[in-house]
Amino acid sequence: MKTQDLINLENEYGAHNYHPLDVVITRGEGVWVYDVEGNKYLDCLSAYSAVNQGHVHPRILQTLIEQAGRVTLTSRAFRNDQLPHLYRELAELTGYEMSLPMNSGAEAVETALKLARKWAYQVKGVPKYEAEILVCDGNFHGRTISIVTFSSEPLYKEAFGPFTPGFKSVPYGDAAAMQAAITPNTAAIMVEPIQGEGGVILPPEGYLAELRRMCDHHNILLIFDEIQTGLGRTGKIFAHRHESVRGDMTIIGKALSGGFYPVSAVLADKDIMGLFTPGEHGSTFGGNPLGAAVARTALKVLVEEGLIENSAKLGEYFIEQLTEIPSPHVKEVRGKGMLIGVELKKSAGGARRFCEALKQRGILCKETHETVIRFAPPLVIDRETLDWALPHIREVLNLP
Ligand SMILES: *Cc1c(COP(=O)(O)O)cnc(C)c1O
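Residues numbered from 1 in each chain as written. Predicted model: local features only at pLDDT ≥ 70, side-chain atom pairs only at ≥ 80, totals over all residues. Heavy atoms only, no water.

### Here we look at the site of the ligand
If you check the shell around the ligand, you find Ser104, Gly105, Ala106, Phe140, His141, Gly142, Glu192, Asp225, Ile227, Gln228 and Lys254 and nothing else. Within the backbone of Phe140, a nitrogen or oxygen atom sits 3.2 Å from a nitrogen atom of the ligand. Between an oxygen atom of the ligand and a side-chain N or O atom of Lys254, the distance comes to 2.7 Å. Burial of the ligand by the protein amounts to 81% of the accessible area it has alone, namely 380 Å². (Near = heavy atom within 4 Å. Polar contact = N/O pair within 3.5 Å; in protein donor to acceptor, adjacent residues only side chain to side chain. Areas by Shrake-Rupley, 256 points an atom, 1.4 Å probe, with all protein chains shown as cover.)

### Examining the packing of aromatic side chains
The final tally for this structure, using the stated rule, is six aromatic pairs. Plain terms: the ring middles of Tyr172 and Tyr207 are 5.8 Å apart, the flat faces sit at 75° to each other, and that makes the pair edge-to-face. Pair noted here: Tyr172 is in the loop between β6 (167–170) and α8 (175–181) and Tyr207 is in helix α9 (residues 207–218), with a separation of 35 residues, a long-range link. What makes Tyr172 buried here is its relative accessible area of 15%. The ring of Tyr34 is capped by Arg27, whose NZ or CZ atom sits 4.1 Å from the centre of that ring. One residue, Arg246, lies across the ring of Tyr96, its end atom 4.5 Å from the ring centre. (Phe/Tyr/Trp six-rings, centres within 6.5 Å; stacked < 30°, edge-to-face > 60°. Helix = DSSP H or I, 4+ residues; strand = E, 2+ residues; numbered from the N terminus. Buried < 20%, exposed > 50% of the residue type's maximum accessible area, 1.4 Å probe, protein only. Lys NZ or Arg CZ within 6 Å of the ring centre and 35° of its normal.)

### A look at the pairing of strand β4 (residues 98–102)
The buried count for β4 comes to four of five residues, which makes it a mostly enclosed element. The pairing of β4 with strand β10 (residues 264–268) spans five bridges and is antiparallel. For Pro101, the partnering residue across the bridge sits in β10 and is Ala265. (Pairing = 2+ DSSP bridges.)

### As for the domain arrangement of the protein chain
For the protein chain, the domain assignment lists domain 1 (3–56 + 306–396) and domain 2 (58–304). Placing the centre of domain 1 and that of domain 2 at their C-alpha centroids yields a distance of 26 Å. At the boundary of domain 1 with domain 2, total buried surface from both sides reaches about 2,500 Å², with 58% on carbon and sulfur atoms. Joining domain 1 to domain 2, the criterion identifies one salt bridge. Among the ionic pairs, Arg374 bridges to Glu197, the shortest N-O distance being 2.7 Å. The interface formed by domain 1 and domain 2 contains 20 residue pairs in polar contact (both at pLDDT 80 or more). Counting residues per element, the ones that place at least two in the side of domain 1 that touches domain 2 are α2 (46–49), α12 (307–323), β11 (330–336), β12 (339–344) and β15 (372–375). Of all the elements, α12 adds the most residues to the side of domain 1 that touches domain 2, at four residues. Of the residues assigned to the side of domain 1 that touches domain 2, the class counts are 15 nonpolar, 12 polar and three charged. (Domains from an automatic or database assignment. Buried area = accessible area lost by both parts, 1.4 Å probe. Salt bridge = Lys/Arg side-chain N within 4 Å of Asp/Glu carboxyl O. Nonpolar A, V, L, I, M, F, W, Y, C, P; charged D, E, K, R; others polar.)

### Some points on the side chain of His329
Position of His329 among the secondary structure elements: in the loop between α12 and β11. When sequence neighbours within four positions are dropped, the list of residues in contact with His329 reads Glu343, Leu344, Lys345, Ala348, Arg353, Phe354, Leu397, Leu399 and Pro400. (Contact = heavy atoms within 4.5 Å.)

### Side note on unusual backbone geometry
For the peptide bond that leads from Gly161 to Pro162, omega is 0°, which places it in the cis range. By the secondary structure assignment, Pro162 is in the loop between α7 (154–157) and β6. Located in the positive-phi region is Ala47, a residue other than glycine, with phi close to 50°. Looking at the secondary structure, you find Ala47 in helix α2. The phi dihedral of Leu231 is positive, around 55°, even though this residue is not glycine. When you line up the elements, Leu231 lands in the loop between β8 (221–225) and β9 (249–252).

### A few points about helix α13 (residues 352–360)
If you check which residues of α13 are buried, you get Arg352, Phe354, Cys355, Ala357, Leu358 and Lys359. Contact partners of the buried residues in α13: β3 (40–43), β12, β13 (363–364), β14 (366–368), β15 and α14 (383–396). Where α13 terminates, the next one or two residues include Gly362, which has phi positive at roughly 90°.

### Side note on the packing of α12 against α14
For the pair α12 and α14, the least separation of the axes is 11 Å and the interaxial angle reads 20°. When the axis of α12 is compared with that of α14, the two are roughly parallel. Between α12 and α14 the crossing geometry is right-handed. Taken together, the residues of α14 that come into contact with α12 (itself represented by Leu314, Tyr317, Phe318, Gln321 and Leu322) are Arg383, Leu386, Asp387, Leu390 and Ile393. Looking at the contact of α12 with α14 residue by residue, the classes come out as seven nonpolar, one polar and two charged. (Axes fitted to C-alpha atoms, helices over the stretch in contact; angles between N-to-C directions. Parallel < 35°, antiparallel > 145°, perpendicular 65-115°, else oblique. Left-handed = near helix turned anticlockwise from the far one by under 90°.)

### Concerning the sheet that holds strand β5 (residues 132–136)
With mixed pairing, the seven strands of this open sheet are ordered in space as β4-β10-β9-β8-β7-β5-β6. If you trace the sheet from one side to the other, it starts and ends with β4 and β6, each paired once. With strand direction ignored, the average angle separating the axes of adjacent strands in the sheet is 20°. Examined bridge by bridge, β9 and β10 share four bridges and lie antiparallel to one another. Bridge pairing in β10 places Met249 opposite Ala268. Of the strands in this sheet, β4, β9 and β10 touch helix α4 (residues 83–94), which is tilted by about 125° from β4.

If you want it as C-alpha coordinates, here you go:
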(Lines give C-alpha, C1' and ligand atoms only; values in the text may rest on other atoms or scores of the structure.)
Protein backbone atom coordinates (compact mmCIF):
# COMPACT_ATOMS: atom_id res chain seq x y z
CA MET A 1 0.00 0.00 0.00
CA LYS A 2 1.21 3.48 -0.82
CA THR A 3 1.18 6.69 1.15
CA GLN A 4 -2.31 7.97 0.35
CA ASP A 5 -4.00 4.59 0.91
CA LEU A 6 -2.36 4.23 4.30
CA ILE A 7 -3.31 7.78 5.26
CA ASN A 8 -6.90 7.10 4.22
CA LEU A 9 -6.99 3.91 6.29
CA GLU A 10 -5.60 5.74 9.29
CA ASN A 11 -8.08 8.57 8.96
CA GLU A 12 -10.97 6.15 8.64
CA TYR A 13 -10.21 3.80 11.52
CA GLY A 14 -7.90 5.67 13.89
CA ALA A 15 -8.65 8.36 16.45
CA HIS A 16 -7.63 11.76 15.15
CA ASN A 17 -5.62 12.83 18.18
CA TYR A 18 -2.53 13.67 16.10
CA HIS A 19 -1.78 15.83 13.08
CA PRO A 20 1.27 14.08 11.60
CA LEU A 21 3.21 15.10 8.53
CA ASP A 22 2.06 13.00 5.60
CA VAL A 23 5.07 10.74 5.45
CA VAL A 24 4.51 7.03 6.07
CA ILE A 25 7.66 5.45 7.44
CA THR A 26 8.33 1.80 6.90
CA ARG A 27 11.97 1.41 7.92
CA GLY A 28 14.64 3.14 9.96
CA GLU A 29 18.37 2.79 10.34
CA GLY A 30 20.55 5.08 12.46
CA VAL A 31 19.63 8.69 11.68
CA TRP A 32 17.69 7.75 8.54
CA VAL A 33 14.10 6.67 7.96
CA TYR A 34 12.51 5.46 4.72
CA ASP A 35 8.91 5.94 3.58
CA VAL A 36 6.72 3.49 1.69
CA GLU A 37 7.57 5.27 -1.59
CA GLY A 38 11.26 4.54 -1.05
CA ASN A 39 12.24 8.11 -0.10
CA LYS A 40 14.96 8.58 2.49
CA TYR A 41 14.84 11.19 5.25
CA LEU A 42 17.10 12.47 7.99
CA ASP A 43 15.09 12.13 11.21
CA CYS A 44 15.44 15.39 13.13
CA LEU A 45 12.85 14.55 15.78
CA SER A 46 14.09 11.17 17.03
CA ALA A 47 10.56 10.31 18.22
CA TYR A 48 10.70 13.20 20.69
CA SER A 49 14.20 12.06 21.76
CA ALA A 50 13.26 8.42 22.34
CA VAL A 51 15.67 7.20 19.67
CA ASN A 52 18.81 8.97 20.84
CA GLN A 53 20.69 5.76 20.00
CA GLY A 54 19.45 5.87 16.38
CA HIS A 55 16.80 3.76 14.71
CA VAL A 56 17.01 -0.01 15.12
CA HIS A 57 20.36 0.06 16.84
CA PRO A 58 21.86 -3.37 16.11
CA ARG A 59 23.00 -4.07 19.67
CA ILE A 60 19.64 -3.18 21.19
CA LEU A 61 17.88 -5.20 18.48
CA GLN A 62 20.02 -8.21 19.34
CA THR A 63 19.14 -7.87 23.03
CA LEU A 64 15.44 -7.53 22.22
CA ILE A 65 15.45 -10.67 20.09
CA GLU A 66 17.43 -12.73 22.59
CA GLN A 67 15.40 -11.66 25.58
CA ALA A 68 12.10 -12.05 23.72
CA GLY A 69 13.04 -15.65 23.08
CA ARG A 70 13.77 -16.26 26.75
CA VAL A 71 11.10 -14.56 28.86
CA THR A 72 9.23 -11.28 28.37
CA LEU A 73 6.91 -10.74 31.30
CA THR A 74 6.84 -12.19 34.77
CA SER A 75 4.91 -9.42 36.51
CA ARG A 76 6.39 -8.17 39.75
CA ALA A 77 4.57 -10.95 41.60
CA PHE A 78 7.75 -12.88 40.80
CA ARG A 79 11.30 -11.69 40.29
CA ASN A 80 13.25 -11.73 37.04
CA ASP A 81 16.96 -11.88 36.33
CA GLN A 82 17.21 -8.65 34.29
CA LEU A 83 15.73 -6.03 36.61
CA PRO A 84 18.35 -6.29 39.40
CA HIS A 85 21.09 -5.59 36.83
CA LEU A 86 19.18 -2.62 35.44
CA TYR A 87 18.81 -1.24 38.98
CA ARG A 88 22.53 -1.45 39.66
CA GLU A 89 23.54 -0.12 36.26
CA LEU A 90 21.17 2.83 36.60
CA ALA A 91 22.60 3.59 40.05
CA GLU A 92 26.18 3.45 38.74
CA LEU A 93 25.39 5.61 35.75
CA THR A 94 23.20 8.23 37.40
CA GLY A 95 24.42 8.43 40.98
CA TYR A 96 20.98 7.78 42.45
CA GLU A 97 20.82 4.91 44.93
CA MET A 98 17.53 3.42 43.76
CA SER A 99 15.04 3.42 40.92
CA LEU A 100 11.46 2.44 40.22
CA PRO A 101 10.63 1.25 36.70
CA MET A 102 7.43 2.07 34.84
CA ASN A 103 6.52 2.13 31.14
CA SER A 104 5.44 5.48 29.74
CA GLY A 105 6.84 8.81 30.81
CA ALA A 106 3.51 9.96 32.19
CA GLU A 107 3.39 6.94 34.49
CA ALA A 108 6.82 7.77 35.85
CA VAL A 109 5.72 11.38 36.44
CA GLU A 110 2.65 10.12 38.32
CA THR A 111 4.94 7.86 40.33
CA ALA A 112 7.16 10.78 41.33
CA LEU A 113 4.13 12.87 42.30
CA LYS A 114 2.76 10.08 44.49
CA LEU A 115 6.14 9.62 46.14
CA ALA A 116 6.45 13.37 46.76
CA ARG A 117 3.03 13.45 48.41
CA LYS A 118 3.84 10.49 50.61
CA TRP A 119 7.13 12.13 51.59
CA ALA A 120 5.26 15.33 52.47
CA TYR A 121 2.92 13.51 54.87
CA GLN A 122 5.34 11.02 56.33
CA VAL A 123 8.59 12.98 56.50
CA LYS A 124 7.85 16.69 56.22
CA GLY A 125 4.68 16.57 58.30
CA VAL A 126 2.30 18.30 55.93
CA PRO A 127 -1.31 17.85 57.14
CA LYS A 128 -3.07 14.98 55.38
CA TYR A 129 -4.13 15.75 51.80
CA GLU A 130 -2.85 19.31 51.90
CA ALA A 131 0.40 18.71 50.03
CA GLU A 132 1.07 21.12 47.18
CA ILE A 133 3.30 20.58 44.18
CA LEU A 134 4.65 23.50 42.19
CA VAL A 135 5.23 23.32 38.45
CA CYS A 136 5.95 25.79 35.65
CA ASP A 137 3.84 27.41 32.96
CA GLY A 138 4.54 25.93 29.55
CA ASN A 139 5.35 22.55 31.08
CA PHE A 140 4.86 19.21 29.42
CA HIS A 141 4.78 16.20 31.74
CA GLY A 142 2.35 13.89 29.96
CA ARG A 143 -1.33 13.32 29.36
CA THR A 144 -3.01 11.77 32.39
CA ILE A 145 -5.84 13.69 34.03
CA SER A 146 -3.69 14.72 36.99
CA ILE A 147 -0.87 15.85 34.71
CA VAL A 148 -3.08 17.87 32.35
CA THR A 149 -4.52 19.48 35.47
CA PHE A 150 -1.39 21.61 35.65
CA SER A 151 -0.83 22.08 31.92
CA SER A 152 -1.03 25.65 30.67
CA GLU A 153 -1.92 24.52 27.15
CA PRO A 154 -5.72 24.78 26.82
CA LEU A 155 -5.76 22.16 24.05
CA TYR A 156 -4.25 19.55 26.38
CA LYS A 157 -6.57 20.35 29.26
CA GLU A 158 -9.73 22.25 28.44
CA ALA A 159 -12.08 19.34 27.63
CA PHE A 160 -10.98 17.01 30.41
CA GLY A 161 -11.95 18.36 33.83
CA PRO A 162 -12.73 17.99 36.68
CA PHE A 163 -9.11 18.27 37.67
CA THR A 164 -6.85 17.05 40.46
CA PRO A 165 -6.26 19.46 43.35
CA GLY A 166 -2.86 20.18 44.87
CA PHE A 167 -0.92 21.76 42.01
CA LYS A 168 0.13 25.30 41.27
CA SER A 169 1.89 26.63 38.20
CA VAL A 170 4.18 29.67 38.04
CA PRO A 171 6.11 31.28 35.16
CA TYR A 172 9.08 29.21 33.97
CA GLY A 173 12.53 30.60 34.66
CA ASP A 174 11.23 33.04 37.26
CA ALA A 175 12.83 32.11 40.58
CA ALA A 176 11.07 34.92 42.45
CA ALA A 177 7.66 33.68 41.29
CA MET A 178 8.54 30.20 42.48
CA GLN A 179 9.73 31.55 45.82
CA ALA A 180 6.48 33.46 46.23
CA ALA A 181 4.39 30.34 45.59
CA ILE A 182 6.00 28.30 48.36
CA THR A 183 3.89 27.59 51.44
CA PRO A 184 4.46 25.35 54.48
CA ASN A 185 2.52 22.67 52.56
CA THR A 186 4.76 22.68 49.52
CA ALA A 187 5.99 19.14 48.97
CA ALA A 188 7.87 19.45 45.72
CA ILE A 189 8.87 21.58 42.79
CA MET A 190 8.81 19.71 39.48
CA VAL A 191 10.49 21.22 36.42
CA GLU A 192 11.96 20.36 33.07
CA PRO A 193 15.57 21.66 32.98
CA ILE A 194 14.78 22.73 29.41
CA GLN A 195 11.17 22.81 28.23
CA GLY A 196 11.13 20.59 25.15
CA GLU A 197 7.47 20.53 24.14
CA GLY A 198 7.14 24.10 25.35
CA GLY A 199 9.35 25.12 22.42
CA VAL A 200 12.94 24.38 23.53
CA ILE A 201 12.83 27.02 26.26
CA LEU A 202 16.03 27.44 28.26
CA PRO A 203 15.64 29.01 31.70
CA PRO A 204 18.03 31.82 32.67
CA GLU A 205 21.44 30.61 33.83
CA GLY A 206 21.44 29.86 37.54
CA TYR A 207 17.70 29.13 37.70
CA LEU A 208 18.05 25.45 38.57
CA ALA A 209 20.70 26.20 41.18
CA GLU A 210 18.36 28.83 42.62
CA LEU A 211 15.55 26.26 42.83
CA ARG A 212 17.95 23.88 44.55
CA ARG A 213 18.78 26.49 47.20
CA MET A 214 15.08 27.25 47.68
CA CYS A 215 14.22 23.58 48.12
CA ASP A 216 17.01 23.03 50.62
CA HIS A 217 16.00 26.08 52.59
CA HIS A 218 12.28 25.21 52.76
CA ASN A 219 12.60 21.42 52.95
CA ILE A 220 11.03 20.79 49.56
CA LEU A 221 11.81 18.04 47.07
CA LEU A 222 13.21 19.08 43.71
CA ILE A 223 12.03 16.84 40.87
CA PHE A 224 13.60 17.06 37.43
CA ASP A 225 11.57 15.71 34.54
CA GLU A 226 14.40 14.58 32.24
CA ILE A 227 12.23 12.34 30.09
CA GLN A 228 13.13 14.37 27.00
CA THR A 229 16.27 16.23 28.07
CA GLY A 230 17.97 13.31 29.79
CA LEU A 231 20.25 10.50 28.63
CA GLY A 232 22.57 12.61 26.52
CA ARG A 233 20.15 14.76 24.57
CA THR A 234 21.65 18.05 25.79
CA GLY A 235 25.26 16.87 25.87
CA LYS A 236 25.27 15.60 29.45
CA ILE A 237 23.65 12.58 31.02
CA PHE A 238 21.09 14.97 32.54
CA ALA A 239 20.41 18.54 31.48
CA HIS A 240 20.41 19.67 35.13
CA ARG A 241 24.09 18.71 35.33
CA HIS A 242 24.86 21.81 33.25
CA GLU A 243 24.24 23.70 36.51
CA SER A 244 25.99 21.12 38.66
CA VAL A 245 22.87 20.59 40.76
CA ARG A 246 21.15 17.40 41.78
CA GLY A 247 17.45 16.68 42.01
CA ASP A 248 15.91 14.70 44.83
CA MET A 249 14.18 12.74 42.09
CA THR A 250 14.89 12.54 38.40
CA ILE A 251 12.39 11.09 35.94
CA ILE A 252 13.59 9.37 32.78
CA GLY A 253 11.86 7.59 29.92
CA LYS A 254 11.97 7.88 26.14
CA ALA A 255 15.63 7.07 25.25
CA LEU A 256 15.91 4.72 28.22
CA SER A 257 14.96 1.98 25.76
CA GLY A 258 16.42 3.48 22.59
CA GLY A 259 12.93 3.59 21.16
CA PHE A 260 12.38 -0.16 21.13
CA TYR A 261 9.99 -0.49 23.97
CA PRO A 262 8.38 1.82 26.53
CA VAL A 263 10.55 1.95 29.63
CA SER A 264 10.57 4.80 32.15
CA ALA A 265 11.89 5.17 35.67
CA VAL A 266 11.98 7.40 38.71
CA LEU A 267 15.44 7.79 40.24
CA ALA A 268 15.93 8.74 43.89
CA ASP A 269 18.00 7.93 46.94
CA LYS A 270 16.97 5.41 49.59
CA ASP A 271 15.64 7.97 52.06
CA ILE A 272 12.94 8.92 49.56
CA MET A 273 12.43 5.82 47.40
CA GLY A 274 12.34 3.73 50.57
CA LEU A 275 9.01 5.32 51.48
CA PHE A 276 7.09 3.09 49.06
CA THR A 277 5.94 -0.10 50.74
CA PRO A 278 4.69 -3.29 49.04
CA GLY A 279 1.33 -2.83 47.37
CA GLU A 280 1.30 0.96 47.40
CA HIS A 281 2.28 1.34 43.77
CA GLY A 282 2.85 -0.88 40.77
CA SER A 283 2.47 -1.72 37.13
CA THR A 284 1.92 -5.05 35.39
CA PHE A 285 4.55 -4.34 32.75
CA GLY A 286 6.84 -2.06 34.79
CA GLY A 287 10.24 -3.69 35.32
CA ASN A 288 9.52 -6.59 32.99
CA PRO A 289 12.55 -8.57 31.81
CA LEU A 290 12.20 -7.59 28.15
CA GLY A 291 12.06 -3.88 28.96
CA ALA A 292 14.83 -4.20 31.54
CA ALA A 293 17.14 -6.05 29.14
CA VAL A 294 16.47 -3.53 26.37
CA ALA A 295 17.11 -0.61 28.73
CA ARG A 296 20.39 -2.13 29.92
CA THR A 297 21.72 -2.31 26.38
CA ALA A 298 20.29 1.10 25.45
CA LEU A 299 22.26 2.64 28.36
CA LYS A 300 25.43 0.75 27.41
CA VAL A 301 25.14 2.03 23.85
CA LEU A 302 24.83 5.63 25.07
CA VAL A 303 27.97 5.35 27.17
CA GLU A 304 30.18 2.98 25.17
CA GLU A 305 29.55 4.67 21.85
CA GLY A 306 30.25 8.13 23.23
CA LEU A 307 26.83 9.46 22.27
CA ILE A 308 26.67 11.94 25.13
CA GLU A 309 29.99 13.50 24.09
CA ASN A 310 28.91 13.46 20.45
CA SER A 311 25.74 15.31 21.39
CA ALA A 312 27.75 18.00 23.18
CA LYS A 313 30.30 18.42 20.41
CA LEU A 314 28.09 18.25 17.33
CA GLY A 315 25.24 20.05 19.07
CA GLU A 316 27.49 23.04 19.58
CA TYR A 317 28.53 22.90 15.93
CA PHE A 318 24.93 22.55 14.73
CA ILE A 319 23.73 25.52 16.83
CA GLU A 320 26.65 27.62 15.61
CA GLN A 321 25.95 26.79 11.96
CA LEU A 322 22.20 27.36 12.32
CA THR A 323 22.87 30.71 14.00
CA GLU A 324 24.97 31.81 11.03
CA ILE A 325 22.22 31.15 8.49
CA PRO A 326 20.95 34.51 7.25
CA SER A 327 17.15 34.36 7.13
CA PRO A 328 14.34 36.89 7.13
CA HIS A 329 12.19 34.50 9.18
CA VAL A 330 14.36 33.47 12.12
CA LYS A 331 13.89 35.22 15.43
CA GLU A 332 16.23 33.08 17.52
CA VAL A 333 18.24 29.86 17.50
CA ARG A 334 18.64 28.29 20.92
CA GLY A 335 19.41 24.97 22.52
CA LYS A 336 21.88 22.76 24.33
CA GLY A 337 23.58 19.77 22.84
CA MET A 338 21.32 18.22 20.24
CA LEU A 339 18.09 19.78 21.53
CA ILE A 340 17.73 22.81 19.32
CA GLY A 341 14.86 25.17 18.59
CA VAL A 342 14.69 27.64 15.73
CA GLU A 343 12.07 30.19 16.64
CA LEU A 344 10.47 31.98 13.72
CA LYS A 345 9.12 35.49 13.63
CA LYS A 346 5.36 36.00 13.61
CA SER A 347 5.62 37.19 10.00
CA ALA A 348 6.99 33.80 8.92
CA GLY A 349 3.50 32.32 8.86
CA GLY A 350 4.07 29.43 11.26
CA ALA A 351 6.64 26.65 11.43
CA ARG A 352 4.49 24.00 9.79
CA ARG A 353 5.11 25.12 6.21
CA PHE A 354 8.86 25.09 6.84
CA CYS A 355 8.60 21.55 8.19
CA GLU A 356 6.70 20.56 5.04
CA ALA A 357 9.40 22.15 2.89
CA LEU A 358 12.17 20.39 4.83
CA LYS A 359 10.33 17.12 4.30
CA GLN A 360 10.38 17.75 0.54
CA ARG A 361 14.16 18.01 0.84
CA GLY A 362 14.57 14.85 2.91
CA ILE A 363 14.61 16.22 6.46
CA LEU A 364 11.91 15.37 8.99
CA CYS A 365 11.18 17.98 11.65
CA LYS A 366 8.10 18.74 13.68
CA GLU A 367 6.92 22.16 14.65
CA THR A 368 6.36 22.77 18.33
CA HIS A 369 4.03 25.51 19.49
CA GLU A 370 3.40 26.86 15.99
CA THR A 371 6.49 29.03 15.69
CA VAL A 372 9.40 26.76 16.66
CA ILE A 373 11.16 24.18 14.49
CA ARG A 374 12.85 21.62 16.71
CA PHE A 375 16.06 19.96 15.55
CA ALA A 376 16.81 16.88 17.65
CA PRO A 377 18.41 14.18 15.49
CA PRO A 378 19.56 10.85 16.92
CA LEU A 379 22.82 11.28 18.82
CA VAL A 380 24.62 8.87 16.48
CA ILE A 381 24.64 11.62 13.84
CA ASP A 382 28.00 12.65 12.36
CA ARG A 383 29.33 15.94 11.08
CA GLU A 384 29.11 14.88 7.45
CA THR A 385 25.37 14.33 7.78
CA LEU A 386 24.92 17.72 9.44
CA ASP A 387 26.92 19.31 6.62
CA TRP A 388 24.58 17.63 4.14
CA ALA A 389 21.50 18.94 5.97
CA LEU A 390 22.62 22.53 6.58
CA PRO A 391 22.35 23.85 2.97
CA HIS A 392 18.81 22.40 2.77
CA ILE A 393 17.89 24.08 6.03
CA ARG A 394 19.40 27.34 4.79
CA GLU A 395 17.34 27.11 1.60
CA VAL A 396 14.11 26.46 3.48
CA LEU A 397 14.71 29.25 5.98
CA ASN A 398 14.96 31.60 3.00
CA LEU A 399 11.72 30.62 1.31
CA PRO A 400 9.53 33.60 0.49
C1 LIG B 1 7.36 12.94 26.43
C2 LIG B 1 7.41 13.56 27.78
C3 LIG B 1 6.63 13.09 28.85
C4 LIG B 1 5.58 12.00 28.68
O5 LIG B 1 6.11 10.79 28.25
P6 LIG B 1 5.12 9.71 27.61
O7 LIG B 1 6.00 8.51 27.40
O8 LIG B 1 4.62 10.28 26.32
O9 LIG B 1 4.03 9.47 28.58
C10 LIG B 1 6.79 13.68 30.08
N11 LIG B 1 7.66 14.68 30.27
C12 LIG B 1 8.42 15.18 29.27
C13 LIG B 1 9.38 16.28 29.55
C14 LIG B 1 8.31 14.65 27.99
O15 LIG B 1 9.03 15.17 27.00
